[in-house]
Amino acid sequence: MYSSLAHASVHVPPGRQTVAETEDRFRAHNPGIAMSPGVLRHMYGLVERTVAPAEEQPSDLAAHAVRTLLDQHGTDPLDIDLLLFAGILADMEEPATAHVVADKLGLRCPVFDLKNACNGVLNALEVADAFIRSGQYRRILVTTAEVSTRESRWSVRSADDVLRALPSLSTGDMGSAVLVEARDRPGILGSRFFANSWGWRAATLPNPYANHRTLGHLRIDSAELVASFEGMPEKVRRAMRDIGVKSGDLDLVCIHQPSVAFTKVACDWVGVDPSRILATFPTHGNVATNTIPLQLALALDEGRLHRGDLVGLFGFASGASAGVVICEW
């Protein structure tokens, strides 16, 4: 028994916030700190970001994406054997957001949450592959959603803190879903994951309940974050060789995109030309765990992904962690 990625879909919220609107709001909250016009576009390549309605939670965005997937793929909700929710943000601390998503969809299958920063979806695919290979489940939904714009840091204490706050202004909201099914020939050909856990301090969002603290702010030190991936590019390239593929063999390459600059760096790490990537960051922002499902869904919509294509999924997340999933679509 093998597993295969059967379909992918996304729910893109209707709201948009341009770079100019984002920067104007930041200036209004920090009148004593100078910000040059267009700095977010210059530093990160951002044009506009997606913003979910204020009343919608991660479970809503995930449920929207799943409904689209089930409709497009012609799958009955009651035929789903397991649902995994892999988002960073959640509706609540307890219960698992996967329960909320399943209830909104009328599912009756087992569910649980799985979290590993922006690599949550890749890890969920690894888990789904293992479950299906073992024969425990035949059809698994991997879902995720983020409302990251609500973690934007509009106020800073000093000019020294601006660079650690700016990445939070480049995030975007979205929901997505990937269907993994059993089949009689290999679909997911191999996966590898790596961690430099000493680098966890580079990007943090404090838990409001730890040590009785109030909710902290998203803090990202971009230089420190890049440094936390030390040694991982070589491991990723070695993993591809172990699985038996070269970057030139891939018909579609999906790479996590927290900024245009980082995407180019990650492409160099993987050994692919940036022109081969479906660029999602400029018009969506950093949609975190949704980035790879978004690229899959766009490739399907644009006719760039077909059955039998060789696909490489590459994730780089705070923690730090890196993941590789190679599959035949």
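Just above, that's the structure.
In this report, we go over the structure that sits alongside the text. (Residues numbered from 1 in each chain as written. Predicted model: local features only at pLDDT ≥ 70, side-chain atom pairs only at ≥ 80, totals over all residues. Heavy atoms only, no water.)

### Brief notes about the environment of P282
Spelled out, the test is: Strands here mean DSSP runs of E at least two residues long; helices mean DSSP runs of H or I at least four residues long; both are numbered from the N terminus. The rule is simple: take the accessible area with a 1.4 Å probe, protein chains only, and divide by the maximum for that residue type; under 20% is buried, over 50% is exposed, in between is partly exposed. The contact rule is simple, with two residues in contact once any of their heavy atoms fall within 4.5 Å.
Tracing the chain through its elements places P282 in helix α10 (residues 281–284). Take P282: its relative accessible area is 21%, and that puts it in the partly exposed class. For P282 and L125, which are 157 residues apart along the polypeptide, the C-alpha to C-alpha distance reads 26 Å. Residues within four places of P282 in sequence aside, it is in contact with G45, L46, V47, E48 and V260.

### A few points about the sheet that holds strand β7 (residues 173–183)
Short version of the rule: At least two DSSP bridges between two strands are required for those strands to pair. The convention used is that axes are lines fitted to C-alpha atoms, helices contributing only their stretch in contact, and that angles between N-to-C directions extend from 0 to 180 degrees.
Pairing in this open sheet of five strands is mixed, and the strands run β1-β7-β6-β4-β5 from one edge to the other. The outermost strands of the open sheet, each flanked by one partner alone, are β1 (2–11) and β5 (111–113). Across the sheet, the axes of successive neighbouring strands diverge by a mean angle of 20 degrees, strand direction being ignored. One ladder, built from nine bridges, connects β1 with β7; its direction is antiparallel. Within β7, the residue paired with Y2 across the bridge is R183. Together, β1, β4 (82–85), β6 (139–147) and β7 form the strand contacts of helix α3 (residues 58–73), whose direction differs from that of β1 by roughly 120 degrees. Contacts between helix α5 (residues 120–134) and the sheet are confined to β1, β4, β5, β6 and β7, with β6 contributing the most and set at about 165 degrees to the helix.

### A few points about the packing of α3 against helix α4 (residues 97–105)
To keep things clear, this is the line we draw: By definition in this entry, angles of less than 35 degrees are roughly parallel, angles greater than 145 are roughly antiparallel, angles of 65 to 115 are roughly perpendicular, and the rest are oblique. Crossing handedness is defined as follows: a turn of the near helix away from the far one that is anticlockwise and smaller than a right angle gives a left-handed crossing, while the clockwise case is right-handed. Residues are sorted three ways: Asp, Glu, Lys and Arg are charged, Ala, Val, Leu, Ile, Met, Phe, Trp, Tyr, Cys and Pro are nonpolar, and all the rest, Gly among them, are polar.
One can describe the packing of α3 onto α4 by two numbers: an axis separation of 9 Å at closest approach and a directional angle of 50 degrees. Here α3 lies oblique to α4, going by the angle between them. Considering only the axes of α3 and α4, their crossing is right-handed. Contacts between α3 and α4 involve S59, D60, A62, A63, V66 and R67 on the former and, on the latter, T97, V100, V101, K104 and L105. Tallied by class, the residues present in the contact of α3 with α4 amount to six nonpolar, two polar and three charged.

### Comments concerning the side chain of T143
The residue T143 is located in strand β6 in this model. Excluding residues within four positions of it along the chain, T143 makes contact with A62, V66, L83, L84, F85, A86, G87, S176 and A177.

### A short note on the nonpolar core
Stated formally: We call a set of buried residues a nonpolar core when its members are Ala, Val, Leu, Ile, Met, Phe, Trp, Tyr or Cys and they connect through side-chain atoms within 4.5 Å of each other.
L5, L125, V142, L252, L296, V311 and L313 are the most contacted members of the largest nonpolar core, which totals 31 residues. Sorting elements by how many residues they give to this core places α5 first, with six residues. Membership of the second largest hydrophobic core comes to 30 residues, among which are M232, C267, V272 and A320.

### As for the packing of helix α8 (residues 232–243) against helix α9 (residues 260–270)
Look at α8 against α9: their axes get within 8 Å of each other, and the N-to-C directions meet at 50 degrees. As judged from the angle between their axes, α8 and α9 are oblique. Contacts between α8 and α9 involve P233, V236, R237 and M240 on the former and, on the latter, D268, W269 and V270. In terms of residue class, the contact of α8 with α9 is made up of five nonpolar, no polar and two charged.

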